[in-house]
Amino acid sequence: MIYGLIVGVILRYGTPATSGHDKSLSCTQEDRAFSTLLVNVSGKFFEYTLKGEISPGKINSVEQNDMLRKVTFDPEVFFNILLPPIIFHAGYSLKKRHFFRNLGSILAYAFLGTAVSCFIIGNLMYGVVKLMKIVGQLSDKFYYTDCLFFGAIISATDPVTVLAIFNELHADVDLYALLFGESVLNDAVAIVLSSSIVAYQPAGLNTHAFDAAAFFKSVGIFLGIFSGSFTMGAVTGVVTALVTKFTKLHCFPLLETALFFLMSWSTFLLAEACGFTGVVAVLFCGITQAHYTYNNLSVESRSRTKQLFEVLHFLAENFIFSYMGLALFTFQKHVFSPVFIIGAFVAIFLGRAAHIYPLSFFLNLGRRHKIGWNFQHMMMFSGLRGAMAFALAIRDTASYARQMMFTTTLLIVFFTVWIIGGGTTPMLSWLDIRVGVDPDQDPPPNNDSFQVLQGDGPEAAGGNRTKQESAWLFRLWYSFDHNYLKPILTHSGPPLTTTLPAWCGLLARCLTSPQVYDNQEPLREEDSDFILTEGDLTLTYGDSTVTANGSSGSHPASTSLEGGRRTKSSSEEVLERDLGMGDQKVSSRGTRLVFPLEDNA
């Protein structure tokens with residue numbers, strides 16, 4: 001940002017501006033503006049493109065600085081070229097273990113929270129606009145739909161900034177998961193929400209009045225675009241997984257990496273061609289690729305793809321932040337309104353508060369592992385705005401209202417990144433939040449949660465999750481994923497011949513990879529820590545034992561792993577963890593465990 005500011009100052013004040021302006025031609029017979037014009041000048045045809053609308057009062061002060069125009073990029077460059085690698089990397093590098101453990105809370109913050117924030121900010125800003133009109137500081141039209149659009153774009157928090165700050169400080173893993181997961185998904189929600197608001201077109205002459213039919217149509221557009229983008233991204237990820245599984249691409253790592261990149265990028269193009277949102281599709285494609293395709297890649301391609309998208313996202317992020325500093329001086333249509341800017345700061349503060357605290361209260365009613373007040377205050381404080389809000393704002397600066405929104409968004413991004421981002425470290429200390437924590441390590445156990453252990457691997461700390469979460473969400477999804485999706489799409493998991501019905505034997509043999517039968521360690525992905533087995537987790541209470549599926553007995557504590565999995569003797573390694581309830585202990589052997597879906601009594 002500082003680099004961009006310096007370059008912007010030099011270009012703005014260090015390069016001479018040409019004086020005067022060309023002659024204006026009148027086209028009074030036309031009732032609309034054309035995006036492209038072909039002008040016949042003495043028999044020669046010249047093509048002109050639309051730059052935007054100019055108010056009559058500024059027609060004689062149009063700046064003719066060619067240098068400033070050259071450094072002004074097409075807004076679609078940001079949205080179509082720079083944002084996809086940033087968002088894909090967010091999904092591809094997602095720490096699924098902590099993300100899915102807090103999935104319910106993340107979805108609530110991302111969907112309900114973003115919608116609440118959008119409408120609160122939009123309504124507050126509509127009041128500010130009415131105030132500006134009363135005091136005479138509004139020189140052009142500013143509709144209610146414009147205020148809602150501003151609420152949508154400014155509700156997009158920046159996952160890159162949050163990731164950089166909390167990953168560098170190694171903040172508490174659950175706080176990291178809540179903030180990063182919410183910010184990644186709420187970017188996708190903000191994109192689709194802003195598109196739905198733009199698509200709001202009531203019937204009749206007043207195109208900005210409330211119309212129930214148009215409102216529900218916009219809601220339908222939102223649901224359709226989001227679900228379509230999600231499906232497009234997931235399907236492309238599944239196709240890539242199948243291609244890498246059933247071909248010999250792993251023998252050609254460079255070709256494998258190139259094909260992985262091209263198929264991931266094609267997700268964006270396919271989604272845009274089908275009328276969906278490419279950035280949203282890329283996000284879910286990245287999550288699917290990390291969960292399935294990554295297991296099929298060769299060792300070289302795993303390293304290359306991780307590094308490739310990390311470099312691309314780093315370069316794109318730095319370019320966008322540099323251009324923010326540049327645009328503060330080189331953008332030629334800034335509309336600075338002190339009342340609107342101050343109102344926007346107050347509105348985003350209130351919108352974030354209404355987003356975090358009420359939702360946290362309701363979520364805590366169903367969570368045994370509560371979201372503490374210190375976490376809530378930190379989430380409130382860490383609502384940084386960044387690349388996504390900037391890209392959405394600069395995408396359309398044709399009208400007076402959009403120009404004012406862009407200028408205000410730019411100042412908000414500067415303030416949140418510099419002031420709030422810079423104050424993250426002292427705020428973590430003041431709120432007594434753990435730092436210096438390994439992101440792959442779970443928080444210490446507490447009395448009101450089950451502790452799940454894993455028996456091998458260097459990271460032998462298991463997932464600390466509640467009974468309620470393990471009871472249905474994880475057990476249902478990961479049982480299906482481990483028994484069916486993983487064997488179909490990857491070289492890991494149990495053979496389909498043991499999980500599918502007998503009449504599907506031919507299909508099971510065709511889809512099961514030969515490596516599965518020889519793979520003694522079915523997980524090749526370091527991030528996957530929620531894979532179900534058919535084993536029982538045993539709790540010891542003195543001489544009696546209680547398994548995770550509810551069976552009990554008077555035998556010593558042990559955990560058996562069925563299905564031919566290898567076990568370890570207790571003399572080798574038995575992980576025991578005190579749950580803080582007398583002599584209660586948990587022990588496990590073998591590989592990673594979570595509670596089984598079906599009873600094995």
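Note that the coordinates shown come from a computational prediction; the quantities given were computed from them, not determined experimentally. (Residues numbered from 1 in each chain as written. Predicted model: local features only at pLDDT ≥ 70, side-chain atom pairs only at ≥ 80, totals over all residues. Heavy atoms only, no water.)

1. Remarks on the side chain of His291
What counts, and what does not: Each helix is a run of DSSP H or I of at least 4 residues and each strand a run of E of at least 2, with the numbering of both proceeding from the N terminus. Per-residue accessibility, obtained with a 1.4 Å probe over protein chains only, is compared with the maximum for each type, and a residue is labelled buried under 20%, exposed over 50%, and partly exposed between these values. Here a polar contact is taken to be a pair of N or O atoms separated by no more than 3.5 Å, where protein atoms must pair a possible hydrogen donor with a possible acceptor and residues adjacent in sequence count only if both atoms sit in side chains.
With respect to the element layout, His291 can be found in helix α11 (residues 278-296). Assessed through its relative accessible area of 7%, His291 is described here as buried. In terms of polar contacts, His291 uses its side chain to reach the side chain of Asp481, at 3.0 Å.

2. Comments concerning the pattern of salt bridges
Where side chains of opposite charge bring their charged atoms close, a pairing between them can arise. In plain terms, the rule: Whenever Lys or Arg places a side-chain nitrogen within 4 Å of a carboxyl oxygen from Asp or Glu, that contact is recorded as a salt bridge.
Summed over all chains, the structure comprises 5 salt bridges. Ionic pairing is found between Arg352 and Glu182, a salt bridge with its closest N-O pair at 3.2 Å. Here Arg352 is found in helix α13 (residues 338-365), whereas its partner Glu182 is found in helix α8 (residues 173-198), with 170 residues between them in sequence. Of the two residues, Arg352 and Glu182, both sit in the buried class. Taking the shortest distance from any N to any O, the salt bridge between Asp396 and Arg402 comes out at 2.9 Å. Relative accessible area serves as the criterion here: at 31%, Asp396 is assigned to the partly exposed category. Via salt bridges that share partners, Asp146, Asp396 and Arg402 belong to a single interconnected network.

3. Considerations on the environment of Ala190
Tracing the backbone through its elements, the reader meets Ala190 in helix α8. Assessed through its relative accessible area of 0%, Ala190 is described here as buried. Measuring from C-alpha to C-alpha, the distance between Ala190 and Met388 comes to 8.9 Å, with 198 residues separating the pair along the chain.

4. Digging into unusual backbone geometry
Leaving glycine aside, a negative phi is the common case for residues, and trans is the common case for peptide bonds. Its identity is not glycine, yet Ser42 carries a phi of approximately 55°, on the positive side. In this structure, Ser42 sits in the loop between β1 (36-41) and β2 (44-49). Phi angles above zero are rare outside glycine, and Asp432 is one such case at about 60°. Tracing the chain through its elements places Asp432 in the loop between α17 (424-430) and β3 (450-451).

5. Quick word on the packing of helix α12 (residues 299-330) against helix α15 (residues 387-394)
To keep it simple, the criterion reads: Only the contacting stretch of a helix is used when fitting its axis, a line to C-alpha atoms as for every element, and angles between N-to-C directions run 0 to 180 degrees. Orientation categories follow fixed angle ranges, with anything under 35 degrees roughly parallel, anything over 145 roughly antiparallel, 65 to 115 roughly perpendicular, and all other angles oblique. By definition, turning the near helix anticlockwise from the far helix through less than a right angle yields a left-handed crossing, and turning it clockwise yields a right-handed one. Contacts: residue pairs with any heavy atoms within 4.5 Å of one another.
Running from amino to carboxyl end, α12 crosses α15 at an angle of 55°, the nearest separation of the two axes being 10 Å. Viewed along their axes, α12 and α15 adopt a mutual orientation that is oblique. Along this stretch, α12 crosses α15, giving a crossing that reads as left-handed. Each of Ile320, Phe321, Tyr323 and Met324 in α12 lies in contact with α15, whose residues at this interface are Ala387, Phe390 and Ile394.

6. Observations concerning the packing of aromatic side chains
Heads up, the rule is: Paired rings are identified among Phe, Tyr and Trp, the last through its six-membered ring, by centres lying within 6.5 Å, and are further divided according to the angle between planes into stacked (under 30 degrees), edge-to-face (over 60) and tilted (the rest). Charge over a ring is defined by NZ of Lys or CZ of Arg lying within 6 Å of the ring centre and within 35 degrees of the ring normal.
Applying the stated criterion across every chain yields a total of 31 aromatic pairs. With centroids separated by 5.6 Å and ring planes inclined at 25°, the aromatic side chains of Phe88 and Tyr92 adopt a geometry described as stacked. Note that Phe88 and Tyr92 are positioned in helix α3 (residues 75-92) at a spacing of 4 residues, about one turn of the helix. Just as Phe88 is buried, Tyr92 falls in that class too. The rings of Phe88, Tyr92, Phe260, Phe261, Trp265, Phe268, Tyr294 and Phe309 are connected pair by pair, giving a single aromatic cluster. Sitting above the plane of the Tyr294 ring, Arg302 keeps its charged end 5.3 Å from the centroid. Directly above the ring of Phe79 sits Arg395, whose terminal nitrogen or CZ lies 3.8 Å from the centroid.

7. So, the pairing of β2
Threshold: Strand pairing follows a simple DSSP-based rule, namely that at least 2 bridges must link the two strands.
Within β2, only 0 of the 6 residues are buried, which leaves it mostly out in the open. With 6 bridges joining them, β1 and β2 adopt antiparallel strand pairing. In the sheet register, Val39 faces β2, and the bridge partner there is Phe46. With antiparallel pairing between neighbouring strands as the criterion, β1 and β2 make up a hairpin whose turn holds 2 residues, including Ser42 at a positive phi of roughly 55°.

8. Some points on α15
The buried fraction of α15 is high, at 8 of 8 residues. On its buried face, α15 sits against α3, α6 (144-154), α8, α11, α12 and α16 (400-422).

9. Quick look at the confidence of the model for the chain
For residues with low pLDDT, the predicted coordinates do not support detailed interpretation. Counted only if it meets this: Think of pLDDT as the predictor's per-residue confidence, scored from 0 to 100.
Summary statistics for the chain give a mean pLDDT of 76 and a share of 72% for residues scoring 70 or more. Ranking the helices and strands of the chain by mean pLDDT puts α13 first, with 94, and β3 last, with 32. Across residues 445-471, where pLDDT falls below 50, the model places 89 contacts with residues more than four positions away in sequence or in other chains. In the predicted structure, residues 520-601 sits below a pLDDT of 50 and forms 205 contacts with residues beyond four places in sequence or in another chain.

10. Structural notes on the environment of Pro253
Along the chain, the position of Pro253 falls in helix α10 (residues 253-273). For the pair Pro253 and Glu300, spaced 47 residues apart in sequence, the C-alpha separation works out to 6.2 Å. Those residues in contact with Pro253 that sit more than four places away from it in its chain are Ser298, Glu300, Ser301 and Arg304.

11. Observations concerning the packing of helix α5 (residues 103-135) against α13
Where we set the bar: Residues are grouped as follows: Ala, Val, Leu, Ile, Met, Phe, Trp, Tyr, Cys and Pro are nonpolar; Asp, Glu, Lys and Arg are charged; all remaining types, including Gly, are polar.
The N-to-C vectors of α5 and α13 enclose an angle of 150°; their axes lie 8 Å apart at closest approach. Taken together, the axes of α5 and α13 are roughly antiparallel relative to one another. For the pair α5 and α13, the crossing hand works out as right-handed. When grouped by side-chain class, the residues that make up the contact of α5 with α13 number 22 nonpolar, 8 polar and no charged.

12. Notes on the side chain of Ser492
Examined against the element boundaries, Ser492 turns out to sit in the loop between α18 (467-489) and α19 (496-499). Residue Ser492 is classed as buried on the basis of its relative accessible area of 2%. At 2.9 Å, the side chain of Ser492 and the side chain of Thr490 are in polar contact.

13. With respect to α5
Condition: A helix is expected to span 1.5 Å for every residue after the first. Note that bend, as reported per residue, equals the angle between axes fitted to the 7 residues terminating at that residue and the 7 residues originating from it.
Taking 1.5 Å as the rise per residue, α5 with 33 residues should run 48 Å; its terminal C-alpha atoms sit 47 Å apart, in good agreement. Along α5, the sharpest kink reaches roughly 30°, centred on Gly113. Just beyond α5, the residue with positive phi is Gly136, at close to 80°.

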